[in-house]
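Coordinate analysis (summary)
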Amino acid sequence: MMAFLRAHGLDAGPLQRPLLAGAITGLVATVPAGAVFVALGSFAATDAVLRLPRPAAAAVLVAAFTASGALYGLVLQRAANDRRGGFLFGMVFAFVLWMAAPVVVLPLLGGRMMAAGLAAAGFFAGFLVWGAALGALFPLVHR
């Protein structure tokens with residue numbers, strides 16, 4: 001395995017732009033994730049927690065998912081181009097983000113709970129849908 005990595009490299013080449021492809025894919029993948037958030041009431045919980053008007057909360061959500069898509073491209077680089085298993089890479093990445101979100105966000109909120117019940121399940125499902133879409137679309141955008 002190490003011989004393969006030495007020969008072909010893991011880093012993206014100069015003409016490949018994994019950050020840009022990740023940001024574009026993260027932006028596009030926000031659409032199905034946003035639909036899940038709205039359908040399961042997670043978006044309303046986000047409005048209440050952030051204490052922002054709905055358009056501003058939507059802008060924060062889109063910006064966070066776009067930046068997370070760029071982070072996906074930065075972390076996985078050439079490995080993200082897997083057409084058969086890319087959706088799994090994306091779902092694992094989204095799961096890690098879902099696990100890390102309370103650690104990052106809760107101190108900013110002063111310890112208040114983000115969501116509970118169906119809204120919390122909506123966050124989980126929304127992140128997984130976003131990750132699956134991100135991983136499935138990344139090879140197409142990065143090409």
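Refer to the structure printed above.
Residues numbered from 1 in each chain as written. Predicted model: local features only at pLDDT ≥ 70, side-chain atom pairs only at ≥ 80, totals over all residues. Heavy atoms only, no water.

What follows is about the packing of aromatic side chains. Inspection of every chain in the model, using the stated rule, returns 11 aromatic pairs. With a centroid separation of 4.8 Å and 20° between ring planes, the pair formed by Phe65 and Trp130 is classed as stacked. Here Phe65 is found in helix α4 (residues 54-76), whereas its partner Trp130 is found in helix α6 (residues 118-142), with 65 residues between them in sequence. Residue Phe65 is classed as buried on the basis of its relative accessible area, which comes to 3%. Centroid distance Trp98 to Phe124: 4.7 Å. Interplanar angle 65°. Geometry classified as edge-to-face. (Phe/Tyr/Trp six-rings, centres within 6.5 Å; stacked < 30°, edge-to-face > 60°. Helix = DSSP H or I, 4+ residues; strand = E, 2+ residues; numbered from the N terminus. Buried < 20%, exposed > 50% of the residue type's maximum accessible area, 1.4 Å probe, protein only.)

Attention shifts here to the environment of Ala21. Within the secondary structure, Ala21 sits in helix α2 (residues 18-39). When its relative accessible area of 4% is taken as the criterion, Ala21 is described as buried. For the pair Ala21 and Leu137, spaced 116 residues apart in the sequence, the C-alpha separation amounts to 9.5 Å. The residues contacting Ala21, other than those within four sequence positions of it, are Phe138, Val141 and His142. (Contact = heavy atoms within 4.5 Å.)

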